[in-house]
Amino acid sequence: MTTVQTTTADRVASVTSFLRTFTSRYASVLPTLAAVGVLLLLLMGAQSRFGNFVSPGNMSALLLDNAYLMILAVGMTFVIVTAGIDLSVGSVMAFTGILGASMLSTGVPVYIAVPIMLGGGATIGLLLGVLVQYFNVQPFIATLAGLFLARGLAYVVSLSSIRVEEPSLLWLQATRFRLGDWYITPTGIIAIVVVATGALVMHFTRFGRTVYAIGGSEQSARLMGLNVARTKVMVYVISGFCGRLAGLVLTAYSGAGYPRNGIGTELDVIAVVVIGGTLLTGGRGYVLGSMVGVFVFGTIKSVISFMGAEQSWTHIIVGALLLVFIVVQRAIVARSDRPR
Amino acid sequence: MAVDTAVPPIVQMRDITIQFPGVLALDQVDFSLRPGEIHALMGENGAGKSTLIKALTGVYHIDSGTIEVAGARRVFDSTAAAQDAGISTVYQEVNLCANLSVGENVMLGHEPRRQGRIDWTAVHAEAQRHLKNLGLELDTRSVLSSHSIAIQQLVAISRAMVLDSKVLILDEPTSSLDRGEVEQLFAVMRELRESGVAILFVSHFLDQVYEVSDRITVLRDGGLVGEFLVADLPRDALVTKMIGREMTDLAEISEKSDRAIDRDGAPVLSASGIGRRGGVAPADVSVYKGEVIGFAGLLGSGRTELARLIYGADRADSGEMQIHGDNVKVHSPRQAMEHGIAFSSENRRDEGIIADLTVAENIVFGIQAQRGWTRRVKNGEQDAIVKDYIAALGVRPADPTMRAGNLSGGNQQKVLLARWLATAPELMVLDEPTRGIDVGAKADIQRKVAELSDKGLSVIFISSELEEVLRLAQRIVVMRDRHKIGELDSHDVDAAGLIDYIANNEAGSVAR
């Protein structure tokens, strides 16, 4: 028997073959890993700066404060992976909130008001999906129309804020399930359930895989015999439903419906989805990545309020981060698309 | 291999007629496909091959006629419906999702599931099994885009096998494969034939059709010419049936090309030691007035890369270029154009033709770009230019208002050629101008090149088809592994000799 000698050359060879396997299999995970890295850096930086940043209370609040954003991000991930975009979600969220608050204030029972709040958003999504799929309207244009429509409807319901006094709705926000100093609210649980469901659907169902296939090449997906039309409509329905659910959660969170809620939120959502590693050109991205994106966004926001700086810095930093991420993604995609 | 005509056909199409706005795309065409045969569908571009395939696969609605599959009458309204009936298609452009893994591309839409969830281990095991059946050993978890086009093509075929297809349609599967890859594909096709699959094979390469097919159906101008056993149909008879006239032109072309070139003065273009790290090793190229220089070599041997350096599409990092003896720097296609060099890309769909513009707009485009946007080409002048070139190159249909994307590949190529010729270049670089187009258009384009060079145009002609290079060129630059390995006089060498030279000669050795 010859003894096996591990030379440096062997080690280098095994490392490069590992790298080759890795890039040929998992190149599309890299942007998400980068987002995880950024999140860890942010948390470590904030911890060393403030000393008490990574505390159970603060981390729990991160989920609570961003639950609505997380729900929106899940729906948006579905849409963006098909290479679409949904600009309507912020308005849909506001419309749902004000509609619900108005119904509750006029004495509509909660078991009727909530299903209407949730059902209606899926209807707007269905409308947008049909416009995109069957009338061949650009997603940007169709959902821009959705944005105006839902915002207008919100103002029709009420021009000013309406307080919500319904206890079961406020319960979603006020209840804290505690584990030591950690806590989670029902709204946080809803957000996590939505993320988990979204991730499972994307990864383990034929519908989810069709979403990726459409993002890769819609033409190919069609020729492969996949149900492209139904899937494309469905992603807008899902996004619309997420918009509604986020409206419910935000209403519980703020204890009121307000027609000017969520102006510009659609752009925050797109930003967190992209930071989380989803490509705007479609075909690559993860629901869990979008969750990481939300945490990055939320952490930046809370670091800035810790520092006592203007909140407008949040958008400046998120904007800069977005630029860096888009360039990084471009580079990764360009590398992995090069056939060997 | 003899085909048993007693076997009932698996696909029987009768009297298929498809009418497009203004065009009768298929006129009462009959077609039958039997289990265990490889059946070639031949015809020029625009003859109706694609339309017939799309009628069979449910992409197009048929206006009249019937389709029977395994004896039962069927109407397909979608690709999915045709697939369910056991008819799968592998297209010229690989229609898979490059962002997904190999295994997923094979299994997409048919993933094994457990309790409603996709069972990924089973997906990859199953995919592995199907790939192995075709003799492929791949990492099924690797992303499809990390593999070559050839491998992707074979993955597409594996996918068809997952569907347990009785009928496999291969539409120009070989146009981007090299010789070894074609062999691999043919081995797979033969194996499938043995297992009783009916294969419909479309290719522009006559050699390949004769190598692998059992039977040939010929279409012309949307009508059926006939169905023949390969053994009963010699090549020239096939070509005659495809184009509907005798093929005498080619001899005429080579006669025209067979002339002495005056190499006394300064060459139109002379590049010495031109190269680019990672692209192509430094090489010398010179072209004299009225000369056609062929670039020969395998796909990926550096032919295109060398041409792109000359044209300035890529920047050379070594060497010098002279035009008419003056030193020039060509760092962009625009500068090349100013020096009278025009380049027609091998990638005509992405880098050439603008599908949404009309034929006329596509032709005028080049001359307008040359003049700059401030000096508009006047309508009357445009019309005259367009009319001349459509006639001169035989663009069919001769309709300047037609959307260029609706033209067949051969006619798109003619339009591209017209675009560059309208700019009155001194040197024309043609990269694979005849790839994926039919014999008639190939002859038209070669004839035009011979004619123009006879009148003084210098041409660099790049083609995988050595016959064409030998026919047109006076000198041939031979490339291998991104090096220029030699330069041959086309009088001294025939196709076999050229292949031998490409395959065997060491760089720097003397031409025969």
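Owing to the predicted nature of the structure, the values given are computational and were not obtained by experimental measurement.

S.K.: What exactly am I supposed to notice about the overall build of chain A here?
M.R.: Counting secondary structure elements, chain A contains 14 helices and four strands. Against the 2.2 N^0.38 benchmark of 20 Å for 340 residues, chain A shows a C-alpha radius of gyration of 22 Å, consistent with a compact globule. Over its C-alpha atoms, taken along the principal directions, chain A stretches across nearly 85 × 55 × 35 Å. Approximately 15300 Å² of chain A is accessible, and the part contributed by carbon and sulfur atoms is 68%. Averaging the coordinates of the 21 positive side-chain charges in chain A and doing the same for the 11 negative ones gives two points 11 Å apart.

S.K.: Explain the sheet that holds strand 17 (residues 326-328) of chain B to me, please; I cannot follow it from the model alone.
M.R.: Strands pair in a sheet through their backbones, by hydrogen bonds, and they do so in one of two ways: parallel or antiparallel. Residue and element names in this part refer to chain B. Taken together, four strands build an open sheet; the order of strands is 14-13-16-17 and the sheet is antiparallel. Only two strands of the sheet have a single partner each, and these edge strands are strand 14 (280-287) and strand 17. Ignoring which end each strand starts from, the neighbouring axes of this sheet average 25 degrees apart. When strand 13 (residues 269-276) meets strand 16 (residues 318-323), the two strands line up antiparallel, connected through five bridges. Along strand 16, the bridge assignment pairs Ser 272 with Glu 320.

S.K.: Can you help me understand the pattern of salt bridges in this one?
M.R.: Pairing of side chains with opposite charge becomes possible as their charged atoms draw close. All names here are of chain B. Per the stated rule, a full pass over the model turns up 27 salt bridges over all chains. A salt bridge links Glu 37 to Arg 215; its shortest N-O distance comes to 2.9 Å. Of this pair, Glu 37 sits in the loop between strand 2 (23-33) and strand 3 (38-42) while Arg 215 sits in strand 11 (residues 215-220), and the two are 178 residues apart along the sequence. Owing to a relative accessible area of 0%, Glu 37 belongs among the buried residues under this scheme. We note a salt bridge from Arg 277 to Asp 317, for which the minimum N-O separation is 3.8 Å. With a gap of 40 residues between them, Arg 277 in the loop between strand 13 and strand 14 and Asp 317 in the loop between helix 10 (303-311) and strand 16 connect regions that are remote in the sequence. Relative accessible area serves as the criterion here: at 72%, Arg 277 is assigned to the exposed category. Taken together, the shared-partner salt bridges connect Arg 263, Glu 291, Arg 475, Lys 484 and Glu 487 into one network.

S.K.: Is there a simple way to think about the interface of chain A and chain B in this case?
M.R.: Interfaces are often sized by the amount of accessible area the parts lose when they come together. With 27 residues of chain A in contact, the opposing surface of chain B contributes 30 residues. Note on chain A versus chain B: buried area summed over both sides is about 2500 Å², and carbon and sulfur give 53% of it. On the chain A side of the interface with chain B, the three residues burying the most area are Phe 204, Arg 206 and Met 224 of chain A, jointly 32% of the side's total. On the surface where chain A and chain B come into contact, there are three salt bridges.

S.K.: What exactly am I supposed to notice about the packing of helix 4 (residues 89-105) of chain A against helix 6 (residues 139-157) of chain A here?
M.R.: Two quantities define a packed helix pair, namely the angle between the helix axes and the distance between the axes. Residues and elements named next belong to chain A. The interhelical angle for the contact between helix 4 and helix 6, taken along N-to-C directions, is 20 degrees, at an axis separation of 8 Å. Judged on the interaxial angle alone, helix 6 and helix 4 are roughly parallel. As for the relative orientation of helix 4 and helix 6, their crossing is left-handed in sense. Of the residues in helix 6, those in contact with Gly 90, Ser 91, Val 92, Ala 94, Phe 95, Ile 98, Leu 99 and Ser 102 of helix 4 are Leu 147, Ala 150, Arg 151, Leu 153, Ala 154 and Val 157. When the residues that make up the contact of helix 4 with helix 6 are grouped by side-chain class, the tally is ten nonpolar, three polar and one charged.

S.K.: Quick question: what am I supposed to make of the confidence of the model for chain A here?
M.R.: Atom-level detail of predicted coordinates should not be read off regions where pLDDT is low. Per-chain confidence: chain A averages 88 in pLDDT, with 96% of residues scoring 70 or above. Across chain A, helix 8 (residues 186-204) of chain A holds the top mean pLDDT of 95, while helix 1 (residues 8-26) of chain A sits lowest at 77.

Quick notes on the rules
Residues numbered from 1 in each chain as written. Chains lettered and ligands numbered in written order. Predicted model: local features only at pLDDT ≥ 70, side-chain atom pairs only at ≥ 80, totals over all residues. Heavy atoms only, no water. Helix = DSSP H or I, 4+ residues; strand = E, 2+ residues; numbered from the N terminus. Rg over C-alpha atoms; globule rule 2.2 N^0.38 Å. Areas by Shrake-Rupley, 256 points an atom, 1.4 Å probe, with all protein chains shown as cover. Lys, Arg positive; Asp, Glu negative; His and termini not counted. Charge placed at Lys NZ, Arg CZ, Asp CG, Glu CD. Pairing = 2+ DSSP bridges. Axes fitted to C-alpha atoms, helices over the stretch in contact; angles between N-to-C directions. Salt bridge = Lys/Arg side-chain N within 4 Å of Asp/Glu carboxyl O. Buried < 20%, exposed > 50% of the residue type's maximum accessible area, 1.4 Å probe, protein only. Contact = heavy atoms within 4.5 Å. Buried area = accessible area lost by both parts, 1.4 Å probe. Parallel < 35°, antiparallel > 145°, perpendicular 65-115°, else oblique. Left-handed = near helix turned anticlockwise from the far one by under 90°. Nonpolar A, V, L, I, M, F, W, Y, C, P; charged D, E, K, R; others polar. pLDDT = per-residue confidence, 0-100.

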